[in-house]
Amino acid sequence: MSLYVVADFCVIPMGVESSVSKYVAACQTALEQTGLTYVMHGYGTNIEGDWDAVSNAIKKCHEAVHALGCPRVSTSVRIGTRLDKESHIQDKIDSVHKLLAESKSQ
């Protein structure tokens, strides 16, 4: 059985200058090459797909950051799975936007 996941992760380059945007850009480039759906946000990235593919994509981010000379990388990851229904990143966003719109119209 293949397990579909929606994950949120934050790659933290360590032992480098205080600005990490070049490392984030390298990670985003690595993710683009995976073909998975992902959305960068202010403190990380949401990504969805098969468990193994998502795990491999996060590994690719580590490799890309190390390739820029970063000596150490720490990553926090939150992973969600559902068996009762299909769930995607955009579905979660749309659900909240719908509730906000409904509350404004009341």
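Residues numbered from 1 in each chain as written. Predicted model: local features only at pLDDT ≥ 70, side-chain atom pairs only at ≥ 80, totals over all residues. Heavy atoms only, no water.

For the protein, the name recorded in an unreviewed UniProt entry is Thiamine-binding protein domain-containing protein, with Basidiobolus meristosporus CBS 931.73 as its organism. Regarding the protein, the UniProt comment filed under Sequence similarities (unreviewed entry) reads as follows: "Belongs to the UPF0045 family." (UniProt positions renumbered as here; feature names shortened; annotations may be inferred.)

A.B. asks: Got a sec to walk through the side chain of glutamate 48? Specific residues and values, please.
C.D. replies: Inspection of the secondary structure puts glutamate 48 in strand β3 (residues 44–50). Here glutamate 48 sits buried without a salt bridge, and the closest side chain of opposite charge, lysine 92, lies 8.8 Å off (N-O distance). At 2.8 Å, the side chain of glutamate 48 and the backbone nitrogen of isoleucine 89 are in polar contact. The residues touching glutamate 48, leaving out its near neighbours within four places in the chain, are Tyr4, Val5, Val6, Leu36, Thr37, Val54, His88 and Ile89. (Helix = DSSP H or I, 4+ residues; strand = E, 2+ residues; numbered from the N terminus. Buried < 20%, exposed > 50% of the residue type's maximum accessible area, 1.4 Å probe, protein only. Lys, Arg positive; Asp, Glu negative; His and termini not counted. Salt bridge = Lys/Arg side-chain N within 4 Å of Asp/Glu carboxyl O. Polar contact = N/O pair within 3.5 Å; in protein donor to acceptor, adjacent residues only side chain to side chain. Contact = heavy atoms within 4.5 Å.)

A.B. asks: Kindly report on a nonpolar patch on the surface, identifying the contributing residues and their values.
C.D. replies: The grouping of Trp51, Val77 and Ile79 at the surface amounts to a nonpolar patch, some 250 Å² of accessible area in total. Valine 77 sits in the partly exposed class, given a relative accessible area of 39%. (Patch = residues over 30% accessible without salt bridge, like charges linked within 9 Å, V, L, I, M, F, W, Y side chains within 5 Å. Areas by Shrake-Rupley, 256 points an atom, 1.4 Å probe, with all protein chains shown as cover.)

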